[in-house]
Amino acid sequence: MNQKLDFIYTYPTLFPGILIKRYKRFLADIELSSGEIITAHCANTGPMLGLCTPGSRVMVSKSDNPKRKLAYTWELIEVKDNEPTWVGVNTALPNRIIKLALEKRLFSSLGEYREIKPEVVYGKEKKSRVDFRLTGGEKTIYLEVKNTTWIDKRLALFPDTVTERGQKHLRELIEVVKGGDRAVCLFFINRADCDKFAPGERADPVYAKLLWEAVNKGVEILPCRFEVTPEGVRYLGLAAIEN
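Residues numbered from 1 in each chain as written. Predicted model: local features only at pLDDT ≥ 70, side-chain atom pairs only at ≥ 80, totals over all residues. Heavy atoms only, no water.

*Asks:* Looking at this model, I keep getting lost on the packing of aromatic side chains. Mind explaining?
*Replies:* Two numbers describe a pair of aromatic rings. These are the distance of the centres and the angle of the planes. Tallied over the full model, the rule gives 9 aromatic pairs. With a centroid separation of 5.2 Å and an interplanar angle of 90 degrees, the aromatic rings of Phe107 and Tyr235 are classed as edge-to-face. Note that Phe107 is positioned in the loop between helix 1 (93-103) and strand 8 (115-122) and Tyr235 in strand 16 (residues 232-238), a separation of 128 residues in sequence. With relative accessibility at 5%, the residue Phe107 sits in the buried group. The rings of Phe107, Phe188, Phe226 and Tyr235 are connected pair by pair, giving a single aromatic cluster. Over the face of the ring belonging to Tyr23 we find Lys21, whose NZ or CZ atom lies 4.9 Å from the ring centre. (Phe/Tyr/Trp six-rings, centres within 6.5 Å; stacked < 30°, edge-to-face > 60°. Helix = DSSP H or I, 4+ residues; strand = E, 2+ residues; numbered from the N terminus. Buried < 20%, exposed > 50% of the residue type's maximum accessible area, 1.4 Å probe, protein only. Lys NZ or Arg CZ within 6 Å of the ring centre and 35° of its normal.)

What follows is the structure, encoded as structure tokens:
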């Protein structure tokens, strides 16, 4: 059986290399296996705790767009926190992958829906955007996606830094439930070596408190595990939630 059939997302051709350093948040110097040293775009604004160790194996993609300042994008890094594991570092990908998963109806707890609409304006003052709005079922579902890569042993944690934006999203989702619709916060665990999830209280205690408040008020959380490889991304199911 071709395991590629299990991939939700298949990577384009990736090029292996070794991380030299990440700097200025959006840049990473990488030595390719050919010996060429390139500067790749790092599409990740967070601290990337545990994901920037010089000497680590990485994978980059290459764009043919001549208008791009940097042709290469940093996609993956291999870490050895537990067993050697590839971790996705391109934060532009999770929403694309979740859209594909929603189209395939992979998350049974969401129930029935017909239409998937991304980037919908919502909230009390209509100044927020939710990642996806699902309609056509018993209730409209507002779904927010959070990329998750920070871990403690086999416990995935979000966030890895103070996130006022994330706090705002939780408050907005609470209001969604009050209004009679469903609200879901989906944590995209971008590595296969974790089987549990909890809020990152050490990084942002306000967010952690708000998350449990949101759960108590009816916001649903889906900590979704993904296996990431240089070939593609596979859904592994839900992680256990730790209080």
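*Asks:* Sorry, what's going on with the layout of surface pockets here?
*Replies:* Rolled over the atoms, a probe as big as a water molecule pinpoints where empty space is left. The space that makes up the largest pocket amounts to roughly 720 Å³. If you go around the largest pocket, you meet 34 residues; those closest to its centre are Thr45, Lys146, Asn147, Phe158 and Arg165. Those elements giving two or more residues to the lining of the largest pocket turn out to be helix 1, strand 9 (128-135), strand 10 (141-148), strand 12 (155-158) and helix 2 (164-178). With 5 residues, the single largest contributor to the lining of the largest pocket is strand 10. Of the residues belonging to the lining of the largest pocket, the class tally is 11 nonpolar, 14 polar and 9 charged. (1 Å grid on protein atoms, 1.4 Å probe; cavity = no way out; pocket = protein on both sides within 12 Å on 5 of 7 lines; lining within 4 Å. Points joined across faces, edges and corners; volume = space filled by probe spheres on them. Nonpolar A, V, L, I, M, F, W, Y, C, P; charged D, E, K, R; others polar.)

*Asks:* Explain the pairing of strand 15 (residues 220-228) to me, please; I cannot follow it from the model alone.
*Replies:* On a regular strand, one side chain projects to one face of the sheet and the next to the other, so that they alternate. Here strand 15 lies mainly inside the structure; 7 of its 9 residues are buried. The pairing of strand 13 (residues 182-189) with strand 15 spans 6 bridges and is parallel. Note on strand 15: the bridge partner recorded for Phe188 is Cys224. Bridging between strand 15 and strand 16 involves 5 bridges; their strand directions are antiparallel. Paired with Val228 across the strands is Val233, a residue of strand 16. If you look at the hairpin formed by strand 15 and strand 16, you'll find 3 residues sitting between the two strands. (Pairing = 2+ DSSP bridges.)

*Asks:* Hey, could you run me through the pattern of salt bridges in this one?
*Replies:* Should their charged atoms come close, side chains of opposite charge can pair. All chains considered together, the criterion is met by 12 salt bridges. Here Arg154 makes a salt bridge to Glu83, at a shortest N to O gap of 2.8 Å. On the criterion of sequence distance, the pair formed by Arg154 in the loop between strand 11 (150-152) and strand 12 and Glu83 in the loop between strand 6 (72-79) and strand 7 (85-88) is long-range, its members being 71 residues apart. The salt bridge partner of Arg234 is Glu227, with a shortest N-O separation of 2.6 Å. (Salt bridge = Lys/Arg side-chain N within 4 Å of Asp/Glu carboxyl O.)

*Asks:* Could you clarify how one ought to interpret empty space enclosed by the protein in this entry?
*Replies:* Going through the model one piece at a time under the given rule, you end up with 1 cavity of 30 Å³ or more. Tyr11, Glu75, Gly88, Val89, Asn90, Leu93, Pro94, Ile97, Phe188 and Asn190 together form the lining of the largest cavity. In terms of residue count, the dominant contributor to the lining of the largest cavity is helix 1 (3 residues). Of the residues assigned to the lining of the largest cavity, the class counts are 6 nonpolar, 3 polar and 1 charged.

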